[in-house]
Structures are given as structure tokens and as C-alpha cells.
Amino acid sequence: VLLRADPLARQGREGTPALTGGKKSVDKRPPPRYTDFKTAFGREENTMKNGRCKVVLVGLGFGGAFAPIWKDHPAVTSFGICDLDRGLAEKVAKLYGIESVYDSFEDVLADPEVDAVHLVTAIPDHAAQTVRVLRAGKHCACTVPMAPSLEDVQAILDAERESGKHFMMMET
């Protein structure tokens with residue numbers, strides 16, 4: 001996972017003629033890399049402790065593949081996992097050397113040390129869990145789709161605005 005200042009930043013690909021005045025161009029510069037969330041988000045008020053954070057990954061069936069990415073991310077000071085299947089959580093923890101294993105989603109939300117939660121859970125749960133994460137005062141990343149209805153999308157947007165925390169939908 002790389003944090004980028006501009007999600008549309010050119011990444012060494014050929015430029016689109018419509019966007020480059022009819023000329024083809026290639027940007028050879030590497031995309032910007034950030035090692036802290038303060039630099040990536042550019043907002044002092046939304047940073048975690050010293051621009052670094054504790055992240056918990058919830059849902060390890062498909063989500064387990066994200067464990068080594070978060071564990072080794074330079075902006076993550078501490079990483080934990082949570083799954084309803086305790087056996088799976090222990091297996092993933094052992095495989096990647098993760099010490100912080102949560103027994104429940106409620107335990108994740110209640111932990112004041114957790115700054116951000118990455119939800120890789122069942123689609124019907126995305127909206128309600130995202131709203132709960134934001135209202136618990138934590139940033140939230142969630143796999144697609146964001147929500148199954150426009151009403152649920154609005155509830156997430158309202159919770160994000162009210163909490164002052166970030167929501168990020170993540171393609172998997």
C-alpha cells in the first residue's frame with residue numbers, strides 16, 4: 001500500500017493526448033511515496049501520532065492477504081487483526097508475526113490506541129460497520145462496494161463529516 005498525494009498522479013505511463021495538448025508524453029518520474037499520513041493527507045488536524053498510526057484489519061478470509069502489506073507499511077506503528085473465526089485469526093497472526101489479535105469488532109472499536117480500521121468483511125455489513133468505525137473516532141478503509149444502497153452511502157458520508165475522520169473505499 002503506497003499513499004499518494006494525488007490518486008491520478010502519472011505513474012510512468014504514456015500521457016493521454018486529450019490531456020497533454022494533443023502531444024503524447026511519458027512521465028518517467030516515479031510516483032510520490034509517503035511514509036507518514038500527515039504528508040499524504042496534508043492536514044495537521046487529521047494526523048495520527050507523529051504521522052503514524054495503529055491499523056486493525058477486520059475480516060481475514062479474503063482480507064488476510066492484506067496483513068503483510070499493513071504490517072510492513074512504514075506509516076503503521078502497530079498492526080492488529082480481527083476475525084470471527086478465532087482459529088483463522090491465530091493462523092494469520094502466526095504466519096505474519098502479528099501480536100495484536102482482537103476477539104471481536106467491538107473490541108477493535110473500544111481500543112483507544114486504534115487509529116484506523118480496514119474492513120474486508122461481507123458486503124451487507126460494509127455500511128453499518130463503516131458508520132460504527134467512523135463514529136468510534138477512527139479512520140476507515142473498506143473494500144468495495146461501499147454500501148448496497150444510496151441511503152447507506154449517505155449514512156457513511158454523514159458519519160465521515162460528523163466524525164472528522166477519513167473514509168476510503170479500497171478496490172481489491
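Residues numbered from 1 in each chain as written. Predicted model: local features only at pLDDT ≥ 70, side-chain atom pairs only at ≥ 80, totals over all residues. Heavy atoms only, no water.

Caption draft 1: Layout of the overall build of the chain. A tally of helices and strands in the chain yields 6 helices and 6 strands. Put simply, the chain runs from its N terminus to its C terminus through helices and strands in the order α-β-α-β-α-β-α-β-α-β-α-β. Burial analysis of the chain (172 residues in total) assigns 41% to the buried set. Considering only residue pairs separated by 6 or more positions, the chain has 54% of its internal contacts joining residues 24 or more positions apart. Surface summary for the chain: the accessible area is close to 9900 Å², and the carbon and sulfur share equals 53%. (Helix = DSSP H or I, 4+ residues; strand = E, 2+ residues; numbered from the N terminus. Buried < 20%, exposed > 50% of the residue type's maximum accessible area, 1.4 Å probe, protein only. Contact = heavy atoms within 4.5 Å. Areas by Shrake-Rupley, 256 points an atom, 1.4 Å probe, with all protein chains shown as cover.)

Caption draft 2: Region of the structure containing the nonpolar core. In this structure, Val-58, Val-108, Leu-119 and Ile-156 are the most contacted members of the largest nonpolar core, which totals 21 residues. Of all the secondary structure elements, the ones that give two or more residues to this core are strand 1 (53–58), helix 4 (105–110), strand 4 (116–119), helix 5 (126–135), strand 5 (139–143) and helix 6 (150–163). The dominant element in this core, judged by the number of residues it contributes, is helix 5, at 4 residues. Beyond its immediate chain neighbours, meaning those up to four positions away, Leu-119 contacts Val-58, Phe-105, His-126, Gln-129, Thr-130, Val-133, Cys-140, Ala-141, Cys-142 and Thr-143. (Core = buried A, V, L, I, M, F, W, Y, C linked by side-chain atoms within 4.5 Å.)

Caption draft 3: Just unusual backbone geometry, in detail. Each neighbour pair has its own omega, and for Val-144 with Pro-145 the value is -5°, a cis peptide bond. For Pro-145, the location among the structural elements is in the loop between strand 5 and helix 6.

Caption draft 4: View of the sheet that holds strand 5. Read across the open sheet, the 6 strands follow the order 3-2-1-4-5-6; overall the sheet is parallel. Sheet topology places strand 3 (100–102) and strand 6 (167–170) at the edges, where each strand pairs with a single neighbour. Across the sheet, the mean angle separating the axes of adjacent strands is 20° when strand polarity is ignored. Both strand 1 and strand 2 (residues 76–82) contribute to a ladder of 6 bridges, which runs parallel. Note that in strand 2 the partner of Leu-57 across the bridge is Ile-81. Contacts from helix 5 reach strand 4, strand 5 and strand 6 within the one sheet, and its direction differs from that of strand 5 by about 165°. (Pairing = 2+ DSSP bridges. Axes fitted to C-alpha atoms, helices over the stretch in contact; angles between N-to-C directions.)

Caption draft 5: Spatial organisation of the pattern of salt bridges. Here the structure, examined in full by the defined rule, presents 5 salt bridges. The shortest N-O distance in the salt bridge between Arg-86 and Glu-90 comes to 3.0 Å. Linking Arg-86 with Glu-90, this pair stays in helix 3 (residues 86–96), spanning 4 residues, or about one helical turn. On the accessibility criterion, Glu-90 (44% relative accessible area) is partly exposed. Across the salt bridge formed by Asp-103 and Arg-86, the nearest N and O atoms sit 2.4 Å from each other. Of this pair, Asp-103 sits in the loop between strand 3 and helix 4 while Arg-86 sits in helix 3, placing them 17 residues apart in sequence. In this structure Arg-86 comes out as partly exposed when scored by relative accessible area, which is 34%. Here the residues in one salt-bridge network are Arg-86, Glu-90 and Asp-103, joined through shared partners. (Salt bridge = Lys/Arg side-chain N within 4 Å of Asp/Glu carboxyl O.)

Caption draft 6: Seen up close, the side chain of Ser-100. Within the secondary structure layout, Ser-100 lies in strand 3. The buried category is assigned to Ser-100, whose relative accessible area is 17%. Discounting chain neighbours no more than four positions away, the residues touching Ser-100 are Lys-54, Phe-79, Gly-80 and Ile-81.

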